[in-house]
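These are the residues of each chain, in order.
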Amino acid sequence: GQQVMQIPQYQHVQEGEDFTTYCNSSTTLSNIQWYKQRPGGHPVFLIQLVKSGEVKKQKRLTFQFGEAKKNSSLHITATQTTDVGTYFCAARDNFGNEKLTFGTGTRLTIIP
Amino acid sequence: DAGVIQSPRHEVTEMGQEVTLRCKPISGHNSLFWYRQTMMRGLELLIYFNNNVPIDDSGMPEDRFSAKMPNASFSTLKIQPSEPRDSAVYFCASKRTNTGELFFGEGSRLTVL
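Every value quoted in this text rests on a predicted model; they were computed, and no experiment measured them.

Conventions adopted
- Residues numbered from 1 in each chain as written.
- Chains lettered and ligands numbered in written order.
- Predicted model: local features only at pLDDT ≥ 70, side-chain atom pairs only at ≥ 80, totals over all residues.
- Heavy atoms only, no water.
- Pairing = 2+ DSSP bridges.
- Helix = DSSP H or I, 4+ residues; strand = E, 2+ residues; numbered from the N terminus.
- Axes fitted to C-alpha atoms, helices over the stretch in contact; angles between N-to-C directions.
- Contact = heavy atoms within 4.5 Å.
- Buried area = accessible area lost by both parts, 1.4 Å probe.
- Salt bridge = Lys/Arg side-chain N within 4 Å of Asp/Glu carboxyl O.
- Polar contact = N/O pair within 3.5 Å; in protein donor to acceptor, adjacent residues only side chain to side chain.
- Nonpolar A, V, L, I, M, F, W, Y, C, P; charged D, E, K, R; others polar.
- Buried < 20%, exposed > 50% of the residue type's maximum accessible area, 1.4 Å probe, protein only.
- Disulfide = S-S within 2.5 Å.

Topic: the sheet that holds strand β7 (residues 61-65) of chain A
All names here are of chain A.
Phase 1: Read from one edge of the open sheet, five strands run β1-β3-β8-β7-β6, paired in antiparallel fashion. Looking at which strands have only one partner, the edges of the open sheet turn out to be β1 (4-7) and β6 (55-58). Pairwise comparison of adjacent strand axes, ignoring direction, gives a mean angle of 15° for this sheet.
Phase 2: Here β7 runs beside strand β8 (residues 71-76); their pairing, made up of five bridges, is antiparallel.

Below, the structure is given as structure tokens:
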């Protein structure tokens, strides 16, 4: 089945530093979504990217979809303690079904 | 508006016992997903339904697992018999067909001793 890899697995940053997580697929994707899961919580939808090369911003978060639609990244500028959690990408393949495969996740911890 | 509702939130049981997890999707959502989350394997899709019909159950680990959706407002995931390796958080999620966002429930944390 489809696999979606994320790196890094863990990231510890000083508060105020930037953070980036990368998501890679071996197959071309229909679209990609990003979710955030707080410790002890459930995944919460952040955004969906559909177009090749698409870039979207949400305040300090910047999301990018690769030109080949096989990779994506999430960048957080000037991290805050509220950014703590695990960030997942989730991909839907090109076969027109609803199946959403989650990446392995990047756990972000912030050093105050 | 109520979100996805799962029960129980926590379950501790002994190996060999039957476990039933329940999910009520958001009203109007016609796609429902069951995921399992563990440290080792991350978030795995077990099965999903469209309009109450199971579409893809390729993620169901083995015959001990079964899922049903008898109507648009209710789904169950059953494990019989349960084993310690089934210990995980089980999430139910729902969405409207042809929209992107998945709405997750708070999960059912299962511990099998």
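Don't stop here, the text continues.
Regarding the interface of chain A and chain B
Phase 1: At the interface, 17 residues of chain A touch 21 residues of chain B.
Phase 2: Both sides of the chain A and chain B interface together cover about 1,500 Å² of buried area, and 56% of this is carbon and sulfur.
Phase 3: For the pair chain A and chain B, the interface holds one salt bridge.
Phase 4: Here Asp56(B) and Lys99(A) are joined by a salt bridge, their closest N and O atoms 3.3 Å apart.
Phase 5: Linking chain A to chain B there are five residue pairs in polar contact (both at pLDDT 80 or more).
Phase 6: Broken down by secondary-structure element, the contributors of at least two residues to the side of chain A that touches chain B are β4 (29-37), β5 (44-49), β9 (85-93) and β10 (100-102) of chain A.
Phase 7: Along the lines of polarity and charge, the residues of the side of chain A that touches chain B split into seven nonpolar, six polar and four charged.

Details of unusual backbone geometry
Phase 1: Following Ile7(A), the chain continues to Pro8(A) via a peptide bond in cis, the omega torsion being -5°.
Phase 2: By secondary structure assignment, the location of Pro8(A) is in the loop between β1 and β2 (10-14).
Phase 3: In this structure, the amide linkage connecting Ser7(B) to the following residue, Pro8(B), adopts the cis form with an omega of -10°.
Phase 4: Tracing the backbone shows Pro8(B) in the loop between β1 (5-7) and β2 (10-13).
Phase 5: The backbone of Lys59(A) shows a phi angle near 50°, a positive value even though the residue is not glycine.
Phase 6: Tracing the chain through its elements places Lys59(A) in the loop between β6 and β7.
Phase 7: Located in the positive-phi region is Asn52(B), a residue other than glycine, with phi close to 75°.
Phase 8: Relative to the assigned elements, Asn52(B) resides in the loop between β5 (42-50) and β6 (53-56).
Phase 9: Under the relative-accessibility criterion, Asn52(B) is labelled partly exposed at 30%.

Overview of the pairing of β6(A)
Residues and elements named next belong to chain A.
Phase 1: Relative to β7, β6 is paired through four bridges, and the arrangement is antiparallel. In the strand pairing of β7, Gln58 is matched with Leu61.
Phase 2: Between the end of β6 and the start of β7, which pair antiparallel, lie two residues, with Lys59 showing a positive phi angle near 50°.

As for the state of the cysteines
Residue and element names in this part refer to chain A.
Phase 1: Under the definition given, this model contains two disulfides over all chains.
Phase 2: The partner cysteine of Cys23 in its disulfide is Cys89, sulfur to sulfur 2.0 Å. Sign of the S-S torsion, about 70° for the bond between Cys23 and Cys89, identifies this disulfide as right-handed. Residue Cys23 is located in strand β3 (residues 19-25), and its partner Cys89 is located in strand β9; the two are separated by 66 residues in the primary sequence.

So, the pattern of salt bridges
All names here are of chain B.
Phase 1: Taken as a whole, this structure holds twelve salt bridges over all chains when the rule is applied.
Phase 2: One salt bridge in this structure joins Glu44 and Arg36, with 3.2 Å as the shortest N-O distance. Note on accessibility: Glu44 and Arg36 belong to one class, buried.
Phase 3: The network of salt bridges with shared partners includes Glu62, Arg64, Glu83, Arg85 and Asp86.

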